[in-house]
Amino acid sequence: MMTPTDCENMLQKLRVLYVEDDADTRQELTRFLKKRVGHVSSALNGAEALTLVRQMTFDTVITDLRMPDTDGIAFVKSLREAGSQMPVIITSAFSDTETILQTVDLAIVKYCVKPVNTEDLMLVLERIATDLHCRRIRTAFSSPDLDREQRL
């Protein structure tokens, strides 16, 4: 069973990209995330986010849908077309069925209606961090380059 300390430790290793065109919203949630996860980068739109993804490694993305230049859907489509399976959380003021259905095919992990419920967001980030941690352990354990002692 995982303790709150285990969750905090895993969250401290999480690298998050937050994409939001509204400056106030971006600053507020970025500040919130920086207190809880290991690293947060932010972008104004999907085009800027794609540039960051090419330059850095992220474990998850939180993105708005409606933004100038490249919107959230185009951004996530670009990620998927490039082969990325990175977990994506959508934030949007739009809660209509058509908008939500557009995101389903993008294999997102959560659709959050604004204003974002930070407790729900943290639960999703904890789940992502736990899944990532488990994948890293499985990968390390199955690596043929490690001897038995290193695996343990």
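So, a few notes on the structure that sits alongside this text. (Residues numbered from 1 in each chain as written. Predicted model: local features only at pLDDT ≥ 70, side-chain atom pairs only at ≥ 80, totals over all residues. Heavy atoms only, no water.)

### Some thoughts on the overall build of the protein
In step 1: From N to C terminus, the protein includes 7 helices and 5 strands.
In step 2: For the protein, the sequential pattern of α-helices and β-strands runs α-β-α-β-α-β-α-β-α-β-α-α.
In step 3: Split into buried and exposed, the 152 residues of the protein put 39% on the buried side.
In step 4: For the protein, long-range pairs separated by at least 24 residues make up 61% of all intrachain contacts whose partners lie at least 6 apart in sequence.
In step 5: For the protein, the exposed surface amounts to about 9000 Å²; the carbon and sulfur share of it is 50%. (Helix = DSSP H or I, 4+ residues; strand = E, 2+ residues; numbered from the N terminus. Buried < 20%, exposed > 50% of the residue type's maximum accessible area, 1.4 Å probe, protein only. Contact = heavy atoms within 4.5 Å. Areas by Shrake-Rupley, 256 points an atom, 1.4 Å probe, with all protein chains shown as cover.)

### What about the nonpolar core?
Taken as a class, soluble globular proteins show a tendency for nonpolar side chains to be buried jointly.
In step 1: Counting residues in each nonpolar core, the largest one holds 20 residues, and the members touching the most others are Leu14, Leu33, Val37, Ile62, Ile89 and Leu125.
In step 2: It is helix H6 (residues 118-142) that contributes the most residues to this core, 7 residues altogether.
In step 3: Discounting residues that sit within four places of it in the chain, leucine 125 has contacts with Leu11, Leu14, Leu33, Val37, Thr60, Ile62 and Ile89.
In step 4: Ranked by size, the runner-up nonpolar core spans 19 residues in total, among them Val61, Met67, Phe75 and Val88. (Core = buried A, V, L, I, M, F, W, Y, C linked by side-chain atoms within 4.5 Å.)

### As for the packing of helix H3 (residues 46-55) against helix H4 (residues 72-81)
In step 1: Between H3 and H4, the shortest axis-to-axis distance is 8 Å and the interhelical angle comes to 30 degrees. Relative to H4, H3 is oriented roughly parallel. In the packing of H3 onto H4, the handedness of the crossing is right-handed. From H3, Gly46, Ala49, Leu50 and Val53 reach across to H4, where they touch Phe75, Ser78 and Leu79.
In step 2: Split by residue class, the contact of H3 with H4 holds 5 nonpolar, 2 polar and no charged. (Axes fitted to C-alpha atoms, helices over the stretch in contact; angles between N-to-C directions. Parallel < 35°, antiparallel > 145°, perpendicular 65-115°, else oblique. Left-handed = near helix turned anticlockwise from the far one by under 90°. Nonpolar A, V, L, I, M, F, W, Y, C, P; charged D, E, K, R; others polar.)

### As for the side chain of threonine 63
In step 1: Along the chain, threonine 63 turns up in strand S3 (residues 60-64).
In step 2: With a relative accessible area of 0%, threonine 63 lands in the buried category.

### Digging into the sheet that holds strand S4 (residues 88-92)
In step 1: The sheet built from 5 strands is open, its strands ordered S2-S1-S3-S4-S5 with parallel pairing. Single-partner strands in this sheet number two, and they are strand S2 (39-43) and strand S5 (110-113). Here the average twist between neighbouring strands, direction ignored, is 20 degrees.
In step 2: Strand direction decides the pairing type here: strand S1 (residues 15-19) and S3, joined by 4 bridges, are parallel. In the sheet register, valine 19 faces S3, and the bridge partner there is threonine 63. (Pairing = 2+ DSSP bridges.)

### Concerning the pattern of salt bridges
Once their charged atoms are close, side chains differing in charge can pair, the charge on each being opposite to the other.
In step 1: This structure, assessed with the given rule, holds 2 salt bridges.
In step 2: With a closest N to O distance of 2.7 Å, lysine 114 and glutamate 20 form a salt bridge. One end of the pair, lysine 114, is in the loop between S5 and H6; the other, glutamate 20, is in the loop between S1 and helix H2 (23-34), and 94 residues separate them in sequence.
In step 3: On the basis of relative accessibility, which here comes to 24%, the residue lysine 114 falls in the partly exposed class.
In step 4: For glutamate 20, a relative accessible area of 1% puts it in the buried group.
In step 5: When the shortest N-O distance is used, the salt bridge between aspartate 64 and lysine 114 registers 3.2 Å. Here the residue aspartate 64 occupies a position in strand S3, and lysine 114 occupies one in the loop between S5 and H6, the gap between them amounting to 50 residues.
In step 6: Among the ionic contacts, a cluster of salt bridges with common partners joins Glu20, Asp64 and Lys114. (Salt bridge = Lys/Arg side-chain N within 4 Å of Asp/Glu carboxyl O.)

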